[in-house]
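Here are the chains, one letter per residue:
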Amino acid sequence: MPFVESDGIKLYVEEYGRGRNSIIFVHEFEADLRSWEAQVRHFSRAYHCVTFNARGYPPSDVPDDPAAYGWETSVRDIAAVMNGLSIPRVHLIGSSMGAYAALLFGLRHPGKARAIVAAGAGYGSPPADREVWLRKMPVFARALVGRGMDAMAEKMARHATRIQLKHKDPKGWREFVERLKQHSPWGMAHTMSQCQALRPSLHDFRDGFAHMTSPVLLAVGDEDVPCLQTNMMLKATIPGAGLWICPNTGHAINLEEPAAFNAEVERFLGAVERGTWPWTAPELDVRASRNSASMSQFGGMRL
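Residues numbered from 1 in each chain as written. Predicted model: local features only at pLDDT ≥ 70, side-chain atom pairs only at ≥ 80, totals over all residues. Heavy atoms only, no water.

Engineer: Sorry, what's going on with the overall build of the protein here?
Structural biologist: The helix and strand inventory of the protein stands at 13 helices and eight strands. Scaling as 2.2 N^0.38, a compact globule of 303 residues should have a C-alpha radius of gyration of about 19 Å, and the protein matches this with 18 Å. For the C-alpha atoms alone, the extent of the protein along its principal axes is close to 45 × 40 × 35 Å. Surface accessibility of the protein: about 12,700 Å² in total, with carbon and sulfur atoms responsible for 52%. Within the protein, the 32 negative side-chain charges are centred at a point lying 3 Å from the centre of the 34 positive side-chain charges. (Helix = DSSP H or I, 4+ residues; strand = E, 2+ residues; numbered from the N terminus. Rg over C-alpha atoms; globule rule 2.2 N^0.38 Å. Areas by Shrake-Rupley, 256 points an atom, 1.4 Å probe, with all protein chains shown as cover. Lys, Arg positive; Asp, Glu negative; His and termini not counted. Charge placed at Lys NZ, Arg CZ, Asp CG, Glu CD.)

Engineer: Would you take a moment to explain the pairing of strand β6 (residues 113-119) for this structure?
Structural biologist: Regular strands have side chains that alternate between both faces of the sheet. Here β6 lies mainly inside the structure; six of its seven residues are buried. Across six bridges, strand β5 (residues 90-95) lies against β6 in parallel orientation. Of the residues in β6, the one forming a bridge with G94 is A118. Remark: the β5/helix α3 (residues 97-108)/β6 crossover connection has right-handed handedness. In this sheet, strand β7 (residues 216-221) lies alongside β6 in parallel orientation, the contact comprising four bridges. Looking at the pairing, V117 lines up with L217 of β7. (Buried < 20%, exposed > 50% of the residue type's maximum accessible area, 1.4 Å probe, protein only. Pairing = 2+ DSSP bridges. Right-handed = clockwise from strand over helix to strand, strands pointing away.)

Engineer: So what exactly am I meant to see when it comes to the sheet that holds strand β3 (residues 22-26) here?
Structural biologist: Strands pair in a sheet through their backbones, by hydrogen bonds, and they do so in one of two ways: parallel or antiparallel. Pairing in this open sheet of eight strands is mixed, and the strands run β1-β2-β4-β3-β5-β6-β7-β8 from one edge to the other. In this open sheet, the two strands that pair with only one neighbour each are β1 (3-6) and β8 (241-246). Pairs of neighbouring strands in the sheet enclose a mean axial angle of 20 degrees, with direction left out of account. Pairing between strand β2 (residues 9-16) and strand β4 (residues 48-52): four bridges, direction antiparallel. The partner of V13 across the bridge, within β4, is F52. Its contacts with the sheet place helix α10 (residues 225-237) against β7 and β8, and it is angled at close to 160 degrees to β7. Its contacts with the sheet put helix α12 (residues 258-274) on β3, β5, β6, β7 and β8, and the angle it makes with β6 is roughly 155 degrees. (Axes fitted to C-alpha atoms, helices over the stretch in contact; angles between N-to-C directions. Contact = heavy atoms within 4.5 Å.)

Engineer: Which parts of the structure should I look at to understand the pairing of β1?
Structural biologist: Of the two faces of β1, the one holding V4 and S6 is buried and the one holding F3 and E5 is not buried anywhere. Across four bridges, β1 lies against β2 in antiparallel orientation. Looking at the pairing, V4 lines up with L11 of β2. Between β1 and the antiparallel strand that follows it, β2, lie two residues; D7 among them carries a positive phi value of about 55 degrees.

Below you can see the structure in the form of structure tokens.
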């Protein structure tokens, strides 16, 4: 199996395609690299596509030490994959936890991120949600180990922001559940307690995002309520950000609407590579206020 090392931890990696430019896909908490199959099949026709499993997700290593996990470690793991595969600059496409890591990678390594797609970013970030988020995450981490993945997978897949996949694609939803059952409960618990529960809110990085140099496509479902406010903030803050809100869609936007997601990403990457992606100076207070007031009017719109 192909692996790269990051701080002594082996990360499982897959590569497809031979395009001039590379895309690295960074998966979410409740998935692994298999969640990007529809994207890899599409984009590997024109790009060198890389997927990898985060630490804690077999066949990547599952460290026993909780200190081996964390959001900053996730950012370093992206850099390790790039270094291990000799990729100097990259398009990053991340979902949820992976979107958080991709955005922070863009802040930490501005010269290495050609473009960033952040899908479903912002869970637990809205200021009004922080107290509940910080209280629930350690409890959830203990449940993953105490109850096991067979019991927890069905519960997790029926969440209010996940059930949309079952309604749209029952077979795809069942595959999502069965794959979730295969995850390491300890790997997920350590990721939850050390990465998800301890990571700062994306709102805390607002000053940095205001000076971000990478073009960004923000993608979010209009039924992914916990993430909508943060995406509005990111749109109002990042100079090179565009926001696509997909109608009647929950958290797993790339699984629920793969064709629409691929089309939006392809349009974005094409514009970036042509040099035609819009770039505007942020007007933080004015635009944030305007966007918040009109958020309920958005459907499948690009802003």
